[in-house]
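Here is how the chains run, residue by residue.
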Amino acid sequence: MPENRSIDPASVDALKKAKAENIETVWDRYDAMQPQCGFGELGICCRICNMGPCRIDPFGEGPQEGVCGANADTIVARNLARMIAAGAAAHSDHGRDVANTLILAAEGKTDAYKVKDIQKLRRIAEEYGINTSGKDDSKIALEVGKAALVEFGQQEGELKFAKRAPQKRQELWRKLGIMPRGIDREIVEMMHRTTMGVDNDYKNIIGQGMRTSLTDGWGGSMIATELQDILFGSPKPIRANVNMGNLREDEVNIIVHGHEPTLSDVVVAASRDPELLELAKKYGAKGINLGGICCTASEILMRHGIPVTGNFLQQELAVITGAVDLMMVDVQCIMPSLSNITKCYHTKLVTTSPKCKIPNVTHVEFHEEKAYETAKEILRMGIENFKNRKKNAIQIPSNTKGFIAGFTAETAFNILGGRYRSTYRPLNDAIISGRLRGAAGVVGCCNPNIKHDWAHLTMIKELIKNDVLVVTTGCSAIAAAKVGLLDPEEGKRFAGRGLQEICEAVGIPPVLHLGSCVDNSRILIVLSNVVKEGGLGDDLSDLPVAGAAPEWMSEKAVAIGFYVVASGVFTIFGTPQPVLGSKNVTRYLCDDLEKIVGGKYAFEADPVKAARLMIEHMNKKRAALKLAPVMYEEGSLKKEKVAISA
Amino acid sequence: MSKIVATAAIRGANKIAKECEAFLNKAIKEKGKNQKVEFPETAFYLPMAYALLGAEVKTLGDMIPILEHVKGLLHEEPSEKLWLPYLGDALDSGVATLLAEEIIVALRYLYGQEPQPDCIGFFTDTILRTLGIQLVDGRMPGFAAILGAAKDNKTAVEIVREFQKRNILCFVGSSSNGKSIIDQLKEENVNMGWENYIVPYGRDTITGIYPLHWAIRGALTFGGHKKGEALKCLKYCKKRIFAFGLTLGPIDDVKYATGAGAINMGFPIIADTDIPEIRPTGICTYEHLVKQLDYKKIVSTCIEIRGVKVKVSEIPIPVAYSAAFEGERVRREQMYAQFGGKYSTAFEYVRTKGLNEVEDNKIEVIGPDIDSIPEGGAAPLGILVEVAGRKMQKDFEPILERQVHSFLNEAMGLFHMGQRNMCWMRVSKDAFKKGLRLRHFGVILHARLHDTFGAIVDKAQVTIYTKQEDVDKVMKEALKAYNERDERLAGMTDESVDTFYSCTLCQSFAPNHLCIVKPERLGLCGAYTWLDARASFELNPTGPNQPIKKGEVLDPERGEWKGVNDFVYMRSNKTLEKFHGYSIMTYPETSCGCFECIIAILPEANGFMIVNREYAGMTPCGMKFSTLAGSVGGGAQTPGFMGVGRLYIVSHKFIAADGGLKRLVWMPKELKEALGDKLKKRCQEEGMPDLIDKIADETVATTSEELLAHLKKVKHPVMEMAPVM
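Quick notes on the rules
Residues numbered from 1 in each chain as written. Chains lettered and ligands numbered in written order. Predicted model: local features only at pLDDT ≥ 70, side-chain atom pairs only at ≥ 80, totals over all residues. Helix = DSSP H or I, 4+ residues; strand = E, 2+ residues; numbered from the N terminus. Rg over C-alpha atoms; globule rule 2.2 N^0.38 Å. Contact = placed C-beta atoms within 7 Å. Expected span 1.5 Å × (residues − 1). Bend = angle between axes of the 7 residues up to and from the residue. Buried ≥ 20, exposed ≤ 12 C-beta atoms within 10 Å, placed from the backbone. Domains from an automatic or database assignment. Nonpolar A, V, L, I, M, F, W, Y, C, P; charged D, E, K, R; others polar. Pairing = 2+ DSSP bridges. Right-handed = clockwise from strand over helix to strand, strands pointing away. pLDDT = per-residue confidence, 0-100. Axes fitted to C-alpha atoms, helices over the stretch in contact; angles between N-to-C directions. Core = buried A, V, L, I, M, F, W, Y, C linked by C-beta atoms within 7 Å. UniProt positions renumbered as here; feature names shortened; annotations may be inferred.

J.: Can you help me understand the overall build of chain A in this one?
T.: For chain A, the helix and strand inventory stands at 27 helices and 16 strands. For 646 residues, the compact-globule formula gives about 26 Å, and the C-alpha radius of gyration of chain A, at 24 Å, lands near that figure. With the principal axes as the frame, chain A shows a C-alpha extent of 65 × 65 × 55 Å. Residue pairs at least 24 apart in sequence account for 75% of intrachain contacts in chain A once pairs closer than 6 positions are excluded.

What follows is the structure, given as structure tokens:
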């Protein structure tokens with residue numbers, strides 16, 4: 001039943017159409033995959049060497065060790081660590097590409113890019129210890145780009161951006177030996193240590209896992225975010241529309257999908273090229289309509305207000321509307337199934353990254369040097385495809401919603417204090433006074449193993465009802481946007497009274513969109529700024545905050561989860577990470593880690609229960625900080641709390 | 001910021017900016033870009049623009065970039081649906097409003113439209129410095145800027161009286177529904193003016209800039225912040241200046257916009273109308289915008305919202321009591337009875353007794369009370385205060401006694417002048433009718449001595465004599481004590497003590513400044529003598545007055561001691577290496593901003609001039625006091641320029657290393673007269689009784705040329721002295 005798969009009416013409509021047209025989607029394949037492999041779910045199968053594959057009997061009757069002698073603890077920890085390494089690699093490789101683009105722009109080898117945020121360039125240059133006096137912007141950009149690349153190849157020392165964390169946190173990382181040295185180095189070492197016959201101590205493995213994850217959050221992701229701001233402009237609060245209702249019947253619909261803004265940002269410019277607009281008219285279209293899916297969407301949304309067509313689980317559905325003339329993809333979260341589905345419609349699928357090709361799919365390789373030409377070439381293909389639309393196969397859902405995005409760690413200063421009193425003080429005061437209980441980051445993917453968008457929205461609503469300010473990124477943000485939670489007027493209705501007062505005072509929605517999934521690094525900076533502003537302890541782990549990925553699916557989510565936990569923040573994953581096959585590893589993640597790094601995990605699939613755990617955690621942190629009680633404690637919560645514990 | 005409020009503030013800012021632009025264009029068209037513009041008696045040009053932007057606006061042309069900046073701060077009103085965050089925009093609009101309003105009032109000055117009738121208009125730097133001290137010593141816990149008009153005259157009067165009672169300075173002005181509180185108070189014959197703590201600034205909201213850019217000067221003068229250090233200046237206001245806005249009547253866009261500007265400075269707004277509140281905190285210390293519809297509670301709401309620290313000592317007397325009444329005079333026609341002056345014998349005397357000899361709170365009136373004096377008559381009066389305390393010392397007596405003046409004066413309808421056996425008191429008919437009697441004099445003194453000197457005074461009793469023979473008898477003892485004190489003070493030299501005292505009271509505003517208080521050089525504010533500093537140390541051993549062992553004498557001529565140098569280095573946060581206590585030319589002592597006078601070198605005259613704060617005219621160095629003050633303060637050592645207390649002029653150590661009194665070539669007449677006999681005596685001691693006449697004043701010279709001619713004519717000693725530089 002489509003209604004059981006998503007709570008988004010637009011998605012349900014598209015699913016109904018898919019069913020009628022006999023199109024197989026991610027949900028169908030998910031169903032066909034049931035029952036999924038129990039060993040895989042528990043993390044206890046190992047195929048690292050050719051003595052295997054091995055698997056541990058979770059019931060204790062069969063083998064408890066692999067052929068080499070590795071037990072469940074080792075196997076689970078190694079598998080998990082490799083997920084971290086893969087996730088960190090994905091974000092970091094993204095960051096590396098942005099650094100390369102910055103260098104090319106600085107060297108004048110491409111005219112599609114130039115430094116858009118000079119102030120930030122200079123600020124980052126200073127952070128990198130680059131002397132900027134007397135140098136022009138391109139020289140500084142070149143040095144910043146190169147300095148960023150050094151972070152990847154660096155063998156000794158510490159990542160520069162790790163110094164943005166509160167002093168106490170940095171000292172803790174050093175003490176624990178998990179302060180990251182270089183991005184590539186930690187990922188390589190992670191792979192080394194988890195190969196056959198190396199690291200067998202699950203605590204040691206997870207230690208390096210945390211170090212690897214930190215190269216993501218305070219390294220690759222942060223570099224991606226910061227250098228993108230320099231190249232494409234730092235986001236400012238901006239209005240936009242979301243959902244598939246943004247597809248146009250009378251315009252050429254181009255979907256950009258994936259994670260990197262490098263090409264799509266140029267596509268935005270090219271879509272306004274008079275030559276192409278003319279061409280579109282020639283083909284009977286009124287214009288060129290861009291839309292985005294996944295984090296590429298978030299990137300061009302944050303900087304240009306380009307409409308968001310949908311999140312991860314909507315990539316196939318967008319095609320199924322029959323209205324997408326071309327879908328252009330870069331990297332990450334791109335379902336191979338798109339190849340087959342697009343063939344069922346007129347949609348042209350184009351891969352653009354040398355890192356991401358799909359058999360039998362047109363590949364127009366993107367190189368920065370000729371970015372604008374490439375963008376135009378791809379758009380032209382889309383325009384020319386407009387005539388191939390099958391009119392009777394087009395069914396665009398009507399659903400669309402306005403929302404606000406464009407919040408960053410930097411804009412917060414001005415949003416809260418204006419230019420003259422730019423400050424985080426009102427945010428800190430709001431928490432200290434108890435108008436806000438705390439803040440939560442609800443982020444991450446969507447996954448057919450849980451009703452699409454439902455866990456995100458249920459959790460977010462429960463949190464804001466209890467005066468928790470929510471920040472969100474990626475597919476979670478798109479989910480929240482679709483139901484009006486990112487609309488200051490509509491969103492406020494779901495918020496508790498204290499949060500409402502803050503929203504009214506500042507003019508913000510109760511849920512703030514901070515960008516793509518590499519932009520989770522923005523959350524780390526926000527939290528560090530809050531600590532710096534004062535009055536809420538001296539480490540990230542002192543703050544009444546929590547994180548959650550209620551519908552996670554990607555290895556990137558695991559990397560993010562770990563860098564958030566290693567930064568001292570309590571984090572909830574909806575479905576468990578594949579660790580339950582080892583009691584020791586599970587206990588280590590969900591309990592012991594708190595005493596070591598201040599943060600820990602909980603796995604809770606029920607989004608309301610998960611939200612309550614986050615709230616309890618915030619209450620605990622508030623008590624430790626000796627803060628005033630929450631100003632407007634809901635009577636219902638008190639009652640329900642009793643019910644839960646009973 | 002509620003959306004309604006933000007929208008109004010943003011709209012108001014746009015309106016004011018437009019008005020400002022039109023006015024400026026008109027002025028430039030009519031008078032040209034080079035037309036000079038200035039506020040009277042300030043060294044800060046357009047103070048808000050100076051503090052926030054570092055701009056020195058001297059001409060109409062200089063206003064153009066300020067206006068451009070204002071325009072850059074303007075924003076669109078939040079949209080009806082799907083609005084973008086507006087708090088920051090509204091705050092920006094507030095700053096834009098203040099800068100634009102400042103330009104407008106400056107232009108009005110140019111056109112002679114300010115100050116408005118009955119209004120003060122621009123507040124001068126002199127006012128800033130004198131009232132700044134009151135802010136420091138807590139006599140003035142804060143100020144209220146009242147905008148609009150109360151629902152009726154009676155309420156208007158009640159509100160300002162409530163503030164007065166708490167010593168909160170009220171700036172009154174603006175209008176609502178065509179009526180201004182200024183006129184409401186005027187109609188009720190309320191005395192307005194600085195001395196009454198009720199200051200009318202103007203009848204429109206634009207003039208609300210006066211109290212605000214007066215406050216921002218506090219950050220520059222006392223905070224030591226530099227021009228253009230916007231955030232520091234604004235935060236200084238938030239932290240140190242306990243001001244708030246009170247709107248009476250409906251709030252229009254311009255009031256909201258001006259209020260948003262005030263909020264940038266940390267000054268919250270309290271309204272008497274039903275407006276949307278902004279309770280979350282962050283820019284101000286507490287709530288930003290709050291309503292209070294009950295007039296009885298409005299003043300206490302203001303105090304609570306701003307966090308004003310008011311010490312209301314509830315003194316059980318039948319009349320109101322507060323520092324606001326200190327400047328109040330009782331005129332002959334209002335007077336019921338008087339004591340002292342030229343009308344009868346009177347004295348006040350504080351002496352120390354043993355703990356078992358004093359009965360606390362014993363107040364005795366010996367002789368007939370005010371009732372038996374016929375209306376308009378006079379009677380003898382002797383006030384004997386006897387105090388005891390484990391830490392009480394004889395040296396403290398004069399300090400306590402000196403406070404009798406302000407203690408008694410602060411009662412409404414009780415007027416006090418002078419000191420010792422030269423005091424003069426009047427009781428008004430009103431006060432008498434309300435039941436004020438001599439016993440209450442004792443009640444006041446007892447309460448205030450405990451309140452103010454609780455650290456040293458454990459017990460206090462007051463005896464009030466009204467029979468002539470008693471007064472004469474006790475006064476003999478008092479006179480003996482007065483003489484002893486004078487001798488002790490007069491006989492005291494820097495050499496006769498081994499310890500000086502520091503005064504770092506002003507480090508809260510000038511972080512590297514400190515005074516070295518010596519027997520022959522009092523603190524530059526004139527309020528702290530060596531005895532006072534010593535007493536203060538006794539009162540508060542960890543306070544701002546710390547003993548400094550002089551240590552090795554490094555240079556007796558220039559007044560340099562090793563112990564002093566070490567202390568100076570440490571307590572100036574390692575910015576000053578040494579002090580020469582008797583020289584203005586080498587390592588002069590620094591100034592915070594509170595100095596009574598400024599000494600300035602006149603190289604062409606081979607001497608120095610000295611100008612006191614009260615003198616507003618031009619001086620031979622080409623600068624007025626206010627301009628000079630700007631270059632002297634902030635804790636920096638500037639050879640040739642120095643802030644000093646008045647009495648230092650008649651000290652034997654007055655710039656002794658640079659030639660002493662003989663180097664003095666110019667001083668305002670008023671200062672010369674105020675120093676009177678003391679100055680004459682010093683001239684005699686210098687062996688030149690006619691020196692006093694050789695020192696020029698403004699009646700002789702206000703320019704360098706006039707001064708030189710005078711010096712030549714009178715053969716001033718500087719003509720033959722060694723070159724000063």
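On we go.
J.: Got a minute to help me understand helix α12 (residues 397-409) of chain B in this structure?
T.: A turn of α-helix holds 3.6 residues, and therefore any two residues three or four places apart point the same way. Residues and elements named next belong to chain B. Taking 1.5 Å of rise per residue, 13 residues should cover 18 Å, and α12 covers 19 Å from first to last C-alpha, within 8% of that figure. Taking the largest bend as the criterion, α12 deviates by roughly 25°, centred on Gln 403. By the burial criterion, the buried members of α12 are Pro 398, Ile 399, Leu 400, Glu 401, Val 404, Phe 407, Leu 408 and Asn 409.

J.: Explain the domain arrangement of chain B to me, please; I cannot follow it from the model alone.
T.: Residues and elements named next belong to chain B. On domain assignment, one finds that chain B holds domain 1 (3-306), domain 2 (323-480) and domain 3 (495-720). Taking only C-alpha atoms into account, the centre of domain 1 sits 41 Å from that of domain 2. Contacts between the two partners involve 6 residues from domain 1 and, on the opposite side, 4 residues from domain 2. Classifying every residue of the side of domain 1 that touches domain 2 by side-chain character gives 1 nonpolar, 3 polar and 2 charged.

J.: What exactly am I supposed to notice about the pairing of strand β15 (residues 570-573) of chain A here?
T.: Within a regular beta strand, the side chains point alternately toward one face of the sheet and then the other, so they alternate between its two faces. Residues and elements named next belong to chain A. Here β15 shows a buried face lined by Phe 570 and Ile 572 and a second buried face lined by Thr 571 and Phe 573. Here strand β14 (residues 545-549) runs beside β15; their pairing, made up of 4 bridges, is parallel. By the bridge assignment for β15, Ala 548 is matched with Ile 572. In the classification by handedness, the crossover that spans β14, the intervening helix α24 (residues 555-566) and the parallel β15 is right-handed. When β15 meets strand β16 (residues 601-603), the two strands line up parallel, connected through 3 bridges.

J.: I would appreciate a short explanation of the confidence of the model for chain B in the present structure.
T.: Should pLDDT be low for a region, the predicted coordinates there are not to be read in detail. Across chain B, the average pLDDT comes to 90, with 96% of residues at or above 70. Across the whole predicted complex the pTM is 0.74, and at the interface the ipTM reaches 0.94.

J.: Can you walk me through the interface of chain B and chain A in this structure?
T.: Buried accessible area, meaning the area lost when the parts come together, often serves as the stated size of an interface. Counting residues at the interface gives 28 residues for chain B and 29 residues for chain A. Broken down by secondary-structure element, the contributors of at least two residues to the side of chain B that touches chain A are α1 (3-31), α4 (87-110) and α9 (230-240) of chain B. Sorting elements by how many residues they give to the side of chain B that touches chain A places α4 of chain B first, with 5 residues. Across the side of chain B that touches chain A, the residue classes break down as 19 nonpolar, 5 polar and 4 charged.

J.: For this particular structure, what's the right way to read the environment of Glu 188 of chain B?
T.: All names here are of chain B. Tracing the chain through its elements places Glu 188 in the loop between α7 (181-187) and β5 (198-202). On the basis of neighbour count, Glu 188 is assigned to the exposed category, with 12 C-beta atoms found within 10 Å. With 34 residues separating them in the primary sequence, Glu 188 and Lys 154 have C-alpha atoms 8.0 Å apart.

J.: Teacher, can you tell me more about the sheet that holds strand β22 (residues 597-602) of chain B here?
T.: Strands in a sheet are paired, the pairing made by backbone hydrogen bonds, and the direction either parallel or antiparallel. All names here are of chain B. Reading across the sheet, the 4 strands line up as β24-β22-β23-β25 and stay open at both edges, with mixed pairing between neighbours. Two strands bound the open sheet, and with one partner strand each, they are β24 (641-644) and β25 (664-666). Put simply, the sheet's adjacent strands are angled 35° from each other on average, direction ignored. Relative to β24, β22 is paired through 4 bridges, and the arrangement is antiparallel.

J.: Mind showing me how you'd approach the confidence of the model for chain A here?
T.: The share of residues in chain A with pLDDT of 70 or more is 98%, and the mean pLDDT across the chain is 96. Contacts for the low-pLDDT stretch residues 638-646 of chain A, under 50 throughout, to residues beyond four places or in other chains number 2 contacts.

J.: Help me understand the domain arrangement of chain A in this model?
T.: Residue and element names in this part refer to chain A. Split into domains, chain A comes out as domain 1 (2-55), domain 2 (72-232), domain 3 (244-393) and domain 4 (401-645). Domain 1 and domain 2 are separated by 33 Å when their C-alpha centres are compared. Contacts between the two partners involve 5 residues from domain 1 and, on the opposite side, 8 residues from domain 2. Its residues placed into classes, the side of domain 1 that touches domain 2 shows 4 nonpolar, 1 polar and no charged.

J.: Which parts of the structure should I look at to understand the nonpolar core?
T.: Within soluble globular proteins, side chains that are nonpolar generally end up buried alongside one another. Core analysis: the largest hydrophobic core is formed by 463 residues, its most contacted members being Leu 102 of chain A together with Ile 103, Ala 144, Cys 170, Phe 608 and Val 665 of chain B. Considering every element that reaches this core, the biggest residue donor is helix α5 (residues 72-106) of chain A, with 18 residues. Val 665 of chain B has contacts with Leu 602, Ala 605, Gly 607, Phe 608, Met 609, Ile 695, Ala 696, Leu 707, Leu 711, His 716 and Val 718 of chain B, leaving out every residue within four places of it along the chain.

J.: Explain the UniProt feature "binding site: [Ni-4Fe-4S] cluster" (unreviewed entry) in chain A here, please?
T.: Residues and elements named next belong to chain A. Per the UniProt annotation, the sites labelled "binding site: [Ni-4Fe-4S] cluster" (unreviewed entry) are His 259, Cys 295, Cys 333, Cys 445, Cys 475 and Cys 517. A maximum C-alpha distance of 12.6 Å places the annotated residues, which cover 259 residues in sequence, within one compact spot. With respect to the helices and strands, Cys 295 occurs in helix α13 (residues 294-304). Apart from the residues within four sequence positions on either side, Cys 295 is in contact with His 259, Gly 474, Ser 516 and Cys 517. Relative to the helices and strands, Cys 475 resides in helix α20 (residues 474-482). Once residues within four sequence positions are removed from consideration, Cys 475 is found in contact with Cys 294, Asn 311, Phe 312, Gly 444, Cys 445 and Cys 446.

J.: Hey, could you run me through unusual backbone geometry in this one?
T.: When glycine is set aside, most residues are seen to have a negative phi, and most peptide bonds are trans. In the segment running from Gly 52 of chain A into Pro 53 of chain A, the intervening peptide bond is cis, with an omega of 0°. Considering the arrangement of structural elements, one finds Pro 53 of chain A in the loop between β1 (45-46) and β2 (54-55). In this structure, the amide linkage connecting Glu 114 of chain B to the following residue, Pro 115 of chain B, adopts the cis form with an omega of -10°. For Pro 115 of chain B, the location among the structural elements is in the loop between α4 and α5 (125-136). The backbone of Gln 332 of chain A shows a phi angle near 70°, a positive value even though the residue is not glycine. Checked against the element boundaries, Gln 332 of chain A lands in the loop between β7 (326-329) and α15 (338-344). Look at Gln 332 of chain A and you get buried, because 22 C-beta atoms sit within 10 Å. At Asp 118 of chain B, a residue that is not glycine, the phi angle is positive and equals roughly 65°. Note that Asp 118 of chain B resides in the loop between α4 and α5.

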